[in-house]
Amino acid sequence: MNSVGFDLDLTLADTRAAIAAVYEAMLPSLAYPIDVDVVVSRLGPPLEVELAHWMPEEEVPAAVALYRKLYPQIALPATEHMPGAREALAAVRRAGGRIIVVTGKNVRDARRTVDLLGFDVDKVVGSVFGADKGRAIASFGAGAYVGDHVADIEAARAGGAASVAVATGAFTADQLVDHGADVVLEDLTHFAGWFDSWTAVSPL
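The following paragraphs examine the structure supplied in this document. (Residues numbered from 1 in each chain as written. Predicted model: local features only at pLDDT ≥ 70, side-chain atom pairs only at ≥ 80, totals over all residues. Heavy atoms only, no water.)

1. Overview of the sheet that holds strand 8 (residues 183–185)
Read across the sheet, six strands follow the order 5-4-1-6-7-8 without closing on themselves; strand pairing throughout is parallel. Sheet topology places strand 5 (123–125) and strand 8 at the edges, where each strand pairs with a single neighbour. Ignoring which end each strand starts from, the neighbouring axes of this sheet average 20° apart. Alignment of strand 4 (residues 99–102) against strand 5, held across three bridges, turns out to be parallel. Pairing of Val101 across the sheet is with Val124, part of strand 5. Sheet strands in contact with helix 5 (residues 85–94) are strand 1 (4–6) and strand 4, and its direction is about 160° off that of strand 1. The sheet strands contacting helix 6 (residues 107–117) are strand 4 and strand 5, and the helix crosses strand 5 at an angle near 140°. (Pairing = 2+ DSSP bridges. Helix = DSSP H or I, 4+ residues; strand = E, 2+ residues; numbered from the N terminus. Axes fitted to C-alpha atoms, helices over the stretch in contact; angles between N-to-C directions. Contact = heavy atoms within 4.5 Å.)

2. Looking at the packing of helix 4 (residues 60–74) against helix 6
Axis separation between helix 4 and helix 6 bottoms out at 11 Å; the angle between their running directions is 10°. Taken together, the axes of helix 4 and helix 6 are roughly parallel relative to one another. The residues of helix 6 that touch helix 4, namely those facing Arg68, Tyr71 and Pro72, are Arg108, Asp109, Arg112 and Thr113. Looking at the contact of helix 4 with helix 6 residue by residue, the classes come out as two nonpolar, one polar and four charged. (Parallel < 35°, antiparallel > 145°, perpendicular 65-115°, else oblique. Nonpolar A, V, L, I, M, F, W, Y, C, P; charged D, E, K, R; others polar.)

3. Examining the pattern of salt bridges
Considering all chains together, one arrives at 10 salt bridges under this definition. Among the ionic pairs, Lys133 bridges to Asp7, the shortest N-O distance being 3.2 Å. Of this pair, Lys133 sits in the loop between strand 5 and helix 7 (134–140) while Asp7 sits in the loop between strand 1 and strand 2 (13–14), and the two are 126 residues apart along the sequence. Judged by its relative accessible area of 1%, Lys133 falls in the buried class. In this structure, a network of salt bridges that share partners links the residues Asp7, Lys133 and Asp152. (Salt bridge = Lys/Arg side-chain N within 4 Å of Asp/Glu carboxyl O. Buried < 20%, exposed > 50% of the residue type's maximum accessible area, 1.4 Å probe, protein only.)

4. Side note on the side chain of Glu50
By secondary structure assignment, the location of Glu50 is in helix 3 (residues 47–51). Within polar-contact distance, the side chain of Glu50 engages the side chain of Arg42 at 2.9 Å. Of note is the side chain of Glu50, whose polar atom sits 2.7 Å from the side chain of Trp54. Aside from chain neighbours lying at most four places away, what touches Glu50 is Tyr23, Val39 and Arg42. (Polar contact = N/O pair within 3.5 Å; in protein donor to acceptor, adjacent residues only side chain to side chain.)

5. Description of helix 4
Over its 15 residues, helix 4 runs 20 Å from end to end, which matches the ideal 21 Å to within 8%, given 1.5 Å per residue. Buried within helix 4 are the following residues: Val60, Ala63, Val64, Tyr67, Arg68, Leu70 and Tyr71. Considering only its buried residues, helix 4 is in contact with helix 1 (16–26), helix 3 and helix 6. (Expected span 1.5 Å × (residues − 1).)

6. Observations regarding the packing of aromatic side chains
Scanning the model with the defined rule gives eight aromatic pairs in all. Considering the side-chain rings of Trp194 and Trp198, the 5.1 Å spacing of their centres and the 20° angle between planes classify their relative orientation as stacked. Note that Trp194 and Trp198 are positioned in helix 10 (residues 191–201) at a spacing of four residues, about one turn of the helix. Neither Trp194 nor Trp198 differs from the other in exposure class; each is buried. Judged by centre distance (6.0 Å) and plane angle (45°), the ring pair of Phe195 and Trp198 falls under tilted. (Phe/Tyr/Trp six-rings, centres within 6.5 Å; stacked < 30°, edge-to-face > 60°.)

7. Some details on the nonpolar core
A general trend in soluble globular proteins is that nonpolar side chains are found buried together. The biggest cluster of nonpolar side chains holds 31 residues, and the ones touching the most others in it are Phe6, Leu12, Leu188, Phe191 and Trp194. Of all the secondary structure elements, the ones that give two or more residues to this core are strand 1, helix 5, strand 4, helix 6, strand 6 (144–147), strand 7 (162–166), strand 8 and helix 10. In this structure Leu12 touches Phe6, Asp7, Glu80, His81, Met82, Ala85, Leu89, Val101, Phe119 and Leu188, once residues within four positions along its chain are discounted. With 24 residues, the next largest nonpolar core counts Leu10, Ala63, Ala75 and Leu76 among its residues. (Core = buried A, V, L, I, M, F, W, Y, C linked by side-chain atoms within 4.5 Å.)

8. Regarding the layout of surface pockets
The calculated volume of the largest pocket comes to roughly 300 Å³. Lining the largest pocket are 23 residues, and of these Asp9, Ile19, Pro45, Pro46 and Leu47 lie nearest its centre. For the lining of the largest pocket, the class distribution of residues is nine nonpolar, five polar and nine charged. (1 Å grid on protein atoms, 1.4 Å probe; cavity = no way out; pocket = protein on both sides within 12 Å on 5 of 7 lines; lining within 4 Å. Points joined across faces, edges and corners; volume = space filled by probe spheres on them.)

So this is what it looks like as structure tokens:
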């Protein structure tokens, strides 16, 4: 039960400026306008889902390919860790726990992000969102899943894990509570204290 799953974007990694920069670089090559501020305001779902808001379905694969071509050289240098991320991972390790990252980001860029930021994790699963994350969470044996999106609450439920929500993304703490999170933290700087208390009363 002391093993934990984490979302990536806006939970462990601050990718807002990074993703915005990739979209800005894409715009001259696209036939359809994209409001980059709107995109960044609702990070979470897979890239294909976001692009489908802005262009016909048949245009999405080419835009995805362009985005992923640009991502390594543009986004990675602009990616930072979220406050408390390193300390949160360290708290799990101190308890002898294992760590899985389960994210809507494709696994290649997710792994690149994890490696860039020096996060010590055991497994990375990408291109899954909402309840579809549940299988990875459950098969890993994570007792808790941490994320910033209401869909991450659904992911935790589907995976049989405690839902730990951080109000570092598009949703306020009240919205995360209303959606049924088991625990709501302002950010990951509060995770270690919660986790130490949780493992003290939970069977390991």
